[in-house]
Amino acid sequence: VTDTEQPNVVDASPDPTNVLEDPKKDSTPEEPKGVTDTEQPKEDSPGENAAKDDKDSTVEAPADVTKTANESAEEPKEDKPVEEENTPTNDETTPKDDEAKKEELIAKWGKWGFWDGAEEIRPKEDYCGKYPNRDISENDFPEDAWQTDAVYVNHYLDAAANIVSRAMEAIYEEYGHTREGLDAHGRVERAKMFAIHMVDFEKDGLPNIDLLEGGGWTTKKSFEGLVRRLLHAMMTNDTFTVVLGGHSAAAGHGNHFHQSYMMQFHKVLEPIFNRLGVKLITRNIAQGGLGTLQGALGSGSIYGNEVDVIVWDSSMTEKNAAHIDLFERQAILGGNRAPFLLGGDANIMKALHENADADVGQFGSGLIGIAETIDEEQVNTLPWAAQYLKCNAQNNDLCRNPNIRFRTKCWVDRPDVTPPTNQRAHPKGQVGWHPGFRSHQLTGRVLAFTILKALQDAINVWSEVTITGGHPLPDEYWHVTDYYKNIIEKTRNLDPSVGSCHDMRNDIPERVCSIALKGRTEYTPRANPDETSLTSIIKPTPDGYIPKNEDELLYDGEDVRNPALEIPEDAIDVHAILLNRRKLENLKVVEDVSTAEEVHFNNGYMGKIENRSFARPESTMLRGPTNGIVSRTLEESIVPGNGWEVNGVPPGNCDGTYSAICGRSKKSDCLLYGHMDNRGGIIGNAYSGWLVMNLKDLKEGIIIIKIETWHKPEESLRTNGWTEVNNGQRYLEGYGTTDDTHRRLEGLPDTLFFDFAIDGKVTSWNKDEFEENRRIPQRVPEVWTLLDDSEMAKKGESKDVELAIRMRGCARDCSFQVTHVYWA
């Protein structure tokens, strides 16, 4: 690459097998001449020194630190809809229009101008893959690996610095903070919007909540840990995974899935990571009406075992510090990486940081940089992204108007698909406690800015070290194996007095605070859905039946252009700036997208989300065959029953990522909603027989099951019309049902028996014993610990075990839905 000719490269990954797309494929008029060893490519970008100047945004925390960072405001009252329209422009675009826009963006913002001039000599094999965590030694890189090529790396770092700078400038300008005309003081003031404050727990105590008006806070060591993770991903062409666990507001309910803040974060950063040769994976695993407990118990399976940053955002539904502590610990213990913990209880994060070296921080709101909306006339003078985000008490109705806060459309007509279910104008969930699309976008920008600043530091470290020390970058700056091991081991060996996790000892085995659990579930979204489903561990019946999801996608592939997801032509489009183009479908759309004719309020929800106490007196849990209740070993093997089925699981690949296609069911009344949040399970009753599951690598002697006991008989479609177990196919004598007539006590029949078997040894609980063993640690989840055998853990051996459950004595009236199984 010369310093005057810059190809518009689509894929700038330094992957050794395909470092960059051949510039000859580009439409640039003059063909590039290749990399020289003396000239470094430059970008026509405003303020090339912005990366350096933005250092002003990292400031020390004030000394008067008194409040915790996770304090949340009182939940808002429900808003009433106001008949007001905010209709987006539905312009028809042509390739010529897009090309003109592309050239306009390049002229102002510059473009990526780097590719590998020696691609043909690069090693083709994945030379990092054979090392733990891809931590190849600096001495083991192949001779022609790009990491050892000084010319290549210098150009790569120069281009990386420019694209990071360009992204930051675009975000600032998106909110009206252009760099043009700013002096040093002005740049410092501007930087406060996304400022990340470095706190010192020992000196300052807990962070002040005021720090959350900007970009949030972290510690110096934690930020350096984030930089290390990014350097590792860049050096090894690895993945970089960011995952959210939270409630409905964090999930983005009421908005399209792509409008949620995690997807807005991904939309900005994915083009940058792609240029840098890193695959960015972003998962929105938040679920409405719940805390994070059901996911945290199987964190490594449900959230994923290769997580670099995990975000907790569930303050409305999860106020108990013990539950947050469990979320943070299982995130560390459950995977191959010890993730950066972003969000949570400040006391818990402080304890984990000081006692386990965990990397912690809290993201802010960015509202300090948002101009106030005064009235309907003045708001039009503000940048489009900043409108209606901040109002004072006198005009707060403007900012809370659901017709302005939400911008949605459930369906856009297309010739190849006709929905069999009438489509709503707008999705449900557009209520007062759910932020609108602009709030989500701003939060996404705050999160993105945190990563961009860490990328700045990573690029600077790489450049400064190798200028004098040569290439490749020494291991000490980017290796992660020992770094992760230190955090994981310290977390595993924390004293019970540290944090709050052990306060859950009456609800779950205390050992869960220091042992990673595996998990399988039908709840969505979740990581690797096929591998982490309950159906993946269910043993087939003698005739080969395994419950499966019968719901199918109405259609596959990308959706057509939805104007609700587009921004006005004259607004700053950060994504387009980073791609050097606008990505639009050439489709004429005339329907109104924003008038919320129907805004739905879920009356009673505000009362339900309050964190109720389910504290129980100290007692010995009844767990497994050691409890001395009704336990016997069967003489014949347990045979899987035919009456279990999948219930409430959406079709598609529901993994919480940006490109996943999920939930386009024929029954859906809002096909473009995009959300994957569903509480599915395996449902059955006393006629269903045994549900048999194979649990791999049981070592610590812990099995926990989560069941929903409130389902109605009509939900179990498979047993409709049955009057006997397995519809008359009896495999075990003496295990049929009793008479169908009985009465309910606290929702469960007196005649209920719940049986579970571990490797064939059956334990039976009657209705009272079943209820006595039930634990309700949060508002919704009901869990039963079926095994807590610490002696098994001492043996240090792992084995595969067979777990089976069934109900007896209640016909179709005890319709239970198994949603999660956890074990260690």
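Everything numeric in this text was worked out from a predicted model, so none of it was measured.

Rules of the game
- Residues numbered from 1 in each chain as written.
- Predicted model: local features only at pLDDT ≥ 70, side-chain atom pairs only at ≥ 80, totals over all residues.
- Heavy atoms only, no water.
- Helix = DSSP H or I, 4+ residues; strand = E, 2+ residues; numbered from the N terminus.
- Buried < 20%, exposed > 50% of the residue type's maximum accessible area, 1.4 Å probe, protein only.
- Contact = heavy atoms within 4.5 Å.
- Areas by Shrake-Rupley, 256 points an atom, 1.4 Å probe, with all protein chains shown as cover.
- Salt bridge = Lys/Arg side-chain N within 4 Å of Asp/Glu carboxyl O.
- Phe/Tyr/Trp six-rings, centres within 6.5 Å; stacked < 30°, edge-to-face > 60°.
- Core = buried A, V, L, I, M, F, W, Y, C linked by side-chain atoms within 4.5 Å.
- Disulfide = S-S within 2.5 Å.
- Pairing = 2+ DSSP bridges.
- Axes fitted to C-alpha atoms, helices over the stretch in contact; angles between N-to-C directions.

Topic: the overall build of the protein chain
Within the protein chain one finds 21 helices and 22 strands. Residue burial in the protein chain is summarised as follows: out of 824 residues, 59% are buried. A fraction of 81% describes how many contacts in the protein chain between residues 6 or more apart in sequence connect residues 24 or more apart. Summed over all atoms, the accessible surface of the protein chain reaches about 32,900 Å², with 46% contributed by carbon and sulfur.

Some remarks on the pattern of salt bridges
For the coordinates displayed, the defined rule picks out 33 salt bridges. Glu566 is the partner of Arg561 in a salt bridge, and the nearest nitrogen-oxygen pair spans 2.5 Å. A relative accessible area of 13% places Glu566 in the buried class.

Let's talk about the packing of aromatic side chains
Centre-to-centre distance and the angle between the planes together describe a pair of aromatic rings. For the coordinates displayed, the defined rule picks out 25 aromatic pairs. Between Trp146 and Trp462, the ring centres sit 6.2 Å apart and the planes meet at 45°, which makes this aromatic pair tilted. Here Trp462 lies in helix 15 (residues 437-469) and Trp146 lies in the loop between helix 2 (95-109) and helix 3 (150-174), a separation of 316 residues in the sequence. There is no split in this pair, since Trp146 and Trp462 are both buried. Residues Tyr261 and Phe363 carry aromatic rings whose centres are separated by 6.0 Å and whose planes lie at 55° to one another, so their mutual orientation is tilted. With Tyr261 in helix 8 (residues 261-275) and Phe363 in strand 7 (residues 360-363), the pair connects residues that are 102 residues apart, well separated along the chain. Accessibility assignment for this pair places Tyr261 and Phe363 in one class, buried.

Let's talk about the nonpolar core
Here is a general trend for soluble globular proteins: nonpolar side chains tend to be buried in one another's company. Judged by nonpolar contacts, the single largest core of 87 residues is most densely connected at Phe240, Leu269, Ile272, Leu455 and Trp462. If sequence neighbours within four positions are ignored, Trp462 has contacts with Trp146, Val153, Tyr156, Leu157, Leu231, Met234, Met235, His471 and Leu473. Counting residues in each nonpolar core, the second largest holds 36 residues, with Ile682, Met693, Leu695 and Cys814 among its members.

Observations concerning the state of the cysteines
For the structure shown, the criterion picks out five disulfides. The disulfide partner of Cys410 is Cys670, and the S-S distance across this bridge is 2.0 Å. Every disulfide takes its handedness from the sign of the S-S torsion; for Cys410 and Cys670 that torsion is -90°, giving left-handed. Here Cys410, found in the loop between helix 14 (402-405) and helix 15, pairs with Cys670, found in the loop between strand 11 (645-647) and strand 12 (678-679); they are 260 residues apart in sequence, far enough to count as distant. Covalent S-S linkage joins Cys501 and Cys513, the inter-sulfur distance amounting to 2.1 Å. Across the disulfide from Cys501 to Cys513, rotation about the S-S bond amounts to roughly -95°, and the bridge is consequently left-handed. With Cys501 in the loop between helix 16 (481-492) and strand 8 (518-521) and Cys513 in the loop between helix 16 and strand 8, the pair connects residues that are twelve residues apart, well separated along the chain. Note on Cys501: relative accessible area 1%, which makes it buried. The buried category is assigned to Cys513, whose relative accessible area is 2%. The disulfide pattern of the protein chain is 1-2, 3-8, 4-5, 6-7, 9-10 when the bonded cysteines are numbered in sequence order.

Some remarks on the sheet that holds strand 4 (residues 279-284)
Pairing is mixed across the open sheet formed by seven strands, whose spatial order is 1-2-7-6-5-3-4. Where the open sheet ends on each side, the last strands, each with one partner, are strand 1 (196-199) and strand 4. Adjacent strand axes in the sheet meet at a mean angle of 20° when their direction is disregarded. Summarising the sheet, strand 2 (residues 216-219) and strand 7 pair through three bridges and their orientation is antiparallel. If you follow Thr218 over to strand 7, its bridge partner there is Gly361. Packed onto the sheet, helix 6 (residues 220-236) meets strand 1, strand 2, strand 3 (239-246), strand 5 (309-313), strand 6 (340-342) and strand 7 and runs at close to 85° relative to strand 2. Each of strand 3, strand 5 and strand 6 is contacted by helix 11 (residues 321-333), which is oriented at about 165° to strand 5, the strand it contacts most.

Some remarks on the pairing of strand 21 (residues 799-808)
With eight of ten residues buried, strand 21 lies mostly within the body of the structure. Here strand 14 (residues 691-698) runs beside strand 21; their pairing, made up of six bridges, is antiparallel. Within the sheet, the bridge partner assigned to Asn694 lies in strand 21 and is Glu802. Across six bridges, the pairing between strand 18 (residues 753-758) and strand 21 is antiparallel. Within the sheet, the bridge partner assigned to Asp755 lies in strand 21 and is Arg806.

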